[in-house]
Amino acid sequence: IRIRHALERLGPAFVKLGQILSTRRDLIDPTLAGELAQLQDHVPTLSWREMAPVVEGELGASVDDLYASFGTVPVASASIAQVYKATLHDGRTVAVKIQRPGVSEVMDTDLDILMTQAHFIVERTQWGRDENVTAIVDDIVRVLRSELDYLHEARNLARFREAFATDEDVFFPEPIWDLTTRRVLTMEWVDGVPGSRLQEDPSSGVD
């Protein structure tokens, strides 16, 4: 618990690092992995008053003009963004992922710190050289930087949606391009159960 709280205090890049570690039960103690898994969707939220200007600044209009309705209480909160449920003027229900204000600048600083520490470990320890820690951290930094650009995520959604268009067992939500920028991603809303919570909801009928 103390490790999770420490990562939360250190900032978004370290929260993302904790999220990655939570999936690696082959590397860390399962109890710690379970605690770090809470970083996936149990991150303290920012108020709508702080988030609304991001949407309006990115999309160039008021939220009321852009969407027919908009739920101002987030349905999910992560280290980089908060997600809201909204309705388009054509009646479609959508999920709106909004990047937290200032997170890009904070992430740049955090990621520079991670790279500096990786080089330090390689210079000072045989383990760091054997495991090529700088290459691992460089990979993590590259992925995390790409996650700050939601146009990249939207393009991936569209690419997978097209690739699996004929597969009835796999579904990817449609990005709404005219309501998507580097810091705001609007996509088709999908009801479902997270894979990590299937045991909590056996009624889903998915094994």
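All of these numbers come straight from a predicted model, not from anything done at the bench.

**Q** Tell me about unusual backbone geometry, and please be specific about residues and values.
**A** For residues that are not glycine, phi is negative in most cases, and the peptide bond is trans in most cases. With phi around 50°, N132 is a residue other than glycine that occupies positive phi space. Structurally, N132 is set in the loop between α7 (126-130) and α8 (133-147). By relative accessible area, which is 42% here, N132 ends up partly exposed.

**Q** I'd love a proper account of the packing of helix α2 (residues 12-22) against α8, names of residues and values included.
**A** Between α2 and α8, whose axes approach to 11 Å, the crossing angle comes to 115°. At the point where α2 passes α8, the crossing takes the right-handed sense. Two secondary-structure elements touch here, α2 through A13, K16, L17 and I20 and α8 through I140, L144 and E147. Classifying every residue of the contact of α2 with α8 by side-chain character gives five nonpolar, no polar and two charged.

**Q** For the pairing of strand β3 (residues 81-87), give the residues involved together with the corresponding values.
**A** Alignment of strand β1 (residues 69-70) against β3, held across two bridges, turns out to be antiparallel. Within β3, the position partnered with S69 by the bridge is T87. Judged from the two bridges that link them, strand β2 (residues 76-77) and β3 form a sheet pairing that is antiparallel. Looking at the pairing, S77 lines up with Q82 of β3. Joining the antiparallel neighbours β2 and β3 is a turn of three residues. Taken together, the seven bridges between β3 and strand β4 (residues 93-99) define a ladder with antiparallel strand orientation. Note that in β4 the partner of A81 across the bridge is Q99. Between β3 and β4, which pair antiparallel one after the other, the connecting turn spans five residues, and G91 there sits at a positive phi close to 95°.

**Q** Tell me about the nonpolar core, and name the residues and values.
**A** Within soluble globular proteins, side chains that are nonpolar generally end up buried alongside one another. The biggest cluster of nonpolar side chains holds 29 residues, and the ones touching the most others in it are I80, M107, L111 and V137. Taken together, the elements giving at least two residues each to this core come down to α2, α3 (30-36), α6 (103-124), α8, α9 (150-163) and β5 (184-188). Counting residues per element, this core draws most heavily on α6, at seven residues. Dropping the residues within four chain positions of it, I80 is found in contact with K16, I98, Q99, R100, V103, M107, E147, L148 and Y150.

**Q** Explain α2 to me, using residue names and the numbers behind them.
**A** Along α2, eight of the eleven residues are buried, which leaves the element largely enclosed by surrounding structure. In the core, the buried residues of α2 are packed alongside α1 (2-10), α3, α6 and α8.

**Q** Which residues make up the pattern of salt bridges, and what values do they have?
**A** In total, this model carries twelve salt bridges according to the counting rule given. When the shortest N-O distance is used, the salt bridge between R145 and D112 registers 3.5 Å. Residue R145 is located in helix α8, and its partner D112 is located in helix α6; the two are separated by 33 residues in the primary sequence. We note a salt bridge from R142 to D139, for which the minimum N-O separation is 2.8 Å. Pair noted here: R142 and D139 are both in helix α8, with a separation of three residues, about one helical turn. Each of R4, E8 and E35 takes part in a single network of salt bridges with overlapping partners.

**Q** Pulling in residues and values, what's your account of α6?
**A** Spanning 22 residues, α6 covers 31 Å between terminal C-alpha atoms, matching the ideal 32 Å at 1.5 Å per step. Within the sequence span of α6, burial applies to V103, M107, D110, L111, L114, M115, A118 and V122. One side of α6 carries all its buried residues, which in axial view fall inside an arc of 145°. With respect to the buried face of α6, the exposed residues turned more than 90 degrees away are E105, E123 and R124. Those residues of α6 that are buried are in contact with α1, α2, β4, α7 and α8.

**Q** Outline the environment of L88, supporting the account with residue identities and numerical values.
**A** If you trace the backbone, L88 turns up in the loop between β3 and β4. A C-alpha to C-alpha distance of 19 Å links L88 and F172, two positions 84 residues apart in sequence. Among all residues touching L88, those that are not within four sequence positions of it are Y67, A68, V94, I176 and L179.

What counts and what doesn't
Residues numbered from 1 in each chain as written. Predicted model: local features only at pLDDT ≥ 70, side-chain atom pairs only at ≥ 80, totals over all residues. Heavy atoms only, no water. Helix = DSSP H or I, 4+ residues; strand = E, 2+ residues; numbered from the N terminus. Buried < 20%, exposed > 50% of the residue type's maximum accessible area, 1.4 Å probe, protein only. Axes fitted to C-alpha atoms, helices over the stretch in contact; angles between N-to-C directions. Left-handed = near helix turned anticlockwise from the far one by under 90°. Contact = heavy atoms within 4.5 Å. Nonpolar A, V, L, I, M, F, W, Y, C, P; charged D, E, K, R; others polar. Pairing = 2+ DSSP bridges. Core = buried A, V, L, I, M, F, W, Y, C linked by side-chain atoms within 4.5 Å. Salt bridge = Lys/Arg side-chain N within 4 Å of Asp/Glu carboxyl O. Expected span 1.5 Å × (residues − 1). Arc of directions from axis to C-beta.

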